[in-house]
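This is what each chain is made of:
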Amino acid sequence: MLYDLCTTLDRSRKSLVLLAIDVLAMGGAFAAAVALTTAGRSAPLHAGEAVATLLAMLAVGVAVTIRRGLHRIKLNAYEMQGLPGTAAVALGMGAAGGAAHALHPGTLPPQIVVLQPMIFLVLSVAARLGLRSVVLWIYRTGTARTRLLIYGAGQTGQQLVSALRTDDTLTPVAFVDDNPTLQSLSVAGLAVHAPLQLAQLIRSERIDRVVLAMPSAGRPAQARIARRVRALGCEVQTLPSFAQLVLDEARETPAQRVELEHLIGPDRVEMDLPGSAEAYRGRSVLVTGAGGSIGAELCRQLLRAGASRLVLLDHSEPALHTIARELEEVAAGTEIVPVLGSAGEPGLAARALADNAVQVVLHAAAYKHVVLVEANATEGLRNNVLATRTMAAAARDAGVDRFILVSSDKAVRPAGLMGASKRLAELVVQDLAERPGDTRFSIVRFGNVIGSSGSVIPLFEEQIARGGPVTVTDPDVKRYFMTTTEAVRLVLLAGASARGGDVFVLDMGDPVPIRRLARQMIEGAGYTVRDAQTPDGDIAIEFTGLRDGEKLEEELLIGQDMLATPHPKILRAEERGLSELETASALQEIRKAVAAQDDAAAAAAARRWIDVCDRRAPEPGRAPAHGPGPGIAAE
């Protein structure tokens, strides 16, 4: 009832209540002053004189109150804004009472005109502060409030508590601080506890959230505390200092990404690949895996290239919805057609191609996480091999002009099932390229794409933000890296210049040691590496060992035969595949294993046919001088 009353009163009614309180305080102060000054006196007090003096003081007091707007000041802001105004009202009433007494001297003691303003000042301030406490209590008991534990009883924590005193949704309950001199004391009205009592406090005080108000502590220290709090099942939030907020320093990200120039070389970031927009301008293009990092960037660049229609195929509803909305907002003259479903569904693939008169297919849909595919062999082969065969065959049957498969460096002499599935997908496309038909099939092969989902850089950023450690599989592991822009330009170039059966490879420079990358990212984020040489460093690098399906170094070429392309850093590899009969046999074995959900049989079939193909490839060796350069080795 009281909560409803407080929340339903409008501003004008609240102002009248405050004005009435002040008027009552004026009258009460006058009565108290009269009682104090006339106690023990035998001479009677002239009532008319007293009423006249009171009216004069009330008139001036109300006038000054309204003039200063005291009745319109919120209770929360009264301490800062209202005290000078109340003092002005008291002085005004004292002056009015003094003038009235001077004009009509009589039996009224002159001390009244001094005591009344003083008593009024006390009564008015006490009434406002008391009313504020009551109202806050009503709000707190009438609504659910988030209970906060402030970690850090320094200046920032005290400022936070002061700011939250008037908040009706958040309640600071106590402090926790590492400083022993503050523990067991009371700061800003709250008890300060030791960190050892953190778990007990969260339980006993029903804490909803812990706020880290310790900006002077390093980010690794804050991250470690945050990890401990989360382990106790409580939310945690880091608060910068108020000075940092004003100076805009708090907007810095906790872990800044290392500059790409330091990762892949300054001559690679803005590499000018040949223009390929003409091959897609005014054409209908289908992109599978359109919601992924590569697929989405393909769609963006195709939109800029002037494609007349973009068909977006993806089995992830959220990812498809996101990219479709993004493209629809900026599409000018390009029709956006989202298709929800799997590229491995023959009916869906055929209908999407026919209904939209597709002329170019860019097949980027695939499972790419090494460990997950290794543990889920049948699903990995179903999506990466069989779905590729379904989509490619549907493209050939529909008379599509070009089909481009997005592949991976893990397809070269694969050590795990994910790489084997990508290699088999390449063999399927190469097989179709050898058959009669108007569709030109090609393959694009590249290494790790910086910032894509599941790549090592976002993982390192997350680990650094948590305070470490940063995990690397092996001290000697190396990987090729490229930007998303480079990867997509390569795919589009392949589609523009493909002649059929081509495998396009980018000269990606030297492979990057992952150990060095981890150190660069830690130091680029403003931390030091903790190792044997610097035991007091911020973040450690831990080596976890190679997982199933991983190699120390990836390769980009199977053989040594390479042909030139319009750009010196784009190479066309000449690689032998399986015969038509062998490809059919491999697909039949995989289909049987997938239908039976037999992971072991599926993995065995994939590896057996990869071995058959690799036995025909040239022995590993370094490319000749006219080839891809020192950055690409067919190891």
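Residues numbered from 1 in each chain as written. Predicted model: local features only at pLDDT ≥ 70, side-chain atom pairs only at ≥ 80, totals over all residues. Heavy atoms only, no water.

Draft legend 1. Just the sheet that holds strand β4 (residues 190-193), in detail. Strand order in this open sheet of six strands is β3-β4-β2-β1-β5-β6, and the pairing throughout is mixed. Because the sheet does not close on itself, it has two edges, and the strands there are β3 (186-187) and β6 (235-238). Strands β1 (146-151), β2 (170-176), β3, β4 and β5 (209-212) of the sheet are contacted by helix α6 (residues 155-164), whose axis makes an angle of about 155 degrees with β2. (Pairing = 2+ DSSP bridges. Helix = DSSP H or I, 4+ residues; strand = E, 2+ residues; numbered from the N terminus. Contact = heavy atoms within 4.5 Å. Axes fitted to C-alpha atoms, helices over the stretch in contact; angles between N-to-C directions.)

Draft legend 2. Expanded view of helix α17 (residues 417-434). Here α17 contains 18 residues, and its C-alpha end-to-end distance of 26 Å stays within 8% of the 26 Å for a straight helix at 1.5 Å per residue. Most of α17 is tucked away, with 16 of its 18 residues classed as buried. (Expected span 1.5 Å × (residues − 1). Buried < 20%, exposed > 50% of the residue type's maximum accessible area, 1.4 Å probe, protein only.)

Draft legend 3. Looking closely at the pattern of salt bridges. Applying the stated criterion across every chain, the model contains 18 salt bridges. Among the salt bridges present, the one from Glu 235 reaches Arg 209, with a minimum N-O distance of 3.2 Å. Placement of Glu 235 in strand β6 and of Arg 209 in strand β5 is noted, with a sequence separation of 26 residues between them. A residue is classified by how much of its surface remains accessible, and Glu 235, at 47% relative accessible area, is partly exposed. A relative accessible area of 24% means that Arg 209 is categorised as partly exposed. Two residues, Asp 531 and Arg 519, come together in a salt bridge whose shortest N-O distance is 3.0 Å. Of this pair, Asp 531 sits in the loop between β19 (529-530) and β20 (539-543) while Arg 519 sits in helix α20 (residues 514-524), placing them twelve residues apart in sequence. For Arg 519, a relative accessible area of 33% puts it in the partly exposed group. (Salt bridge = Lys/Arg side-chain N within 4 Å of Asp/Glu carboxyl O.)

Draft legend 4. Region of the structure containing the packing of helix α16 (residues 377-397) against helix α21 (residues 580-595). Put simply, α16 and α21 touch, their axes get as near as 10 Å, and they point 135 degrees apart. On the basis of the axis angle, α16 is oblique to α21. Relative to α21, the crossing made by α16 is left-handed. Mapping the contact onto sequence places Thr 378, Leu 381, Arg 382, Val 385, Leu 386 and Arg 389 in α16 and Leu 587, Ile 590, Arg 591, Ala 593 and Val 594 in α21. Here the contact of α16 with α21 is built from residues that sort into seven nonpolar, one polar and three charged. (Parallel < 35°, antiparallel > 145°, perpendicular 65-115°, else oblique. Left-handed = near helix turned anticlockwise from the far one by under 90°. Nonpolar A, V, L, I, M, F, W, Y, C, P; charged D, E, K, R; others polar.)

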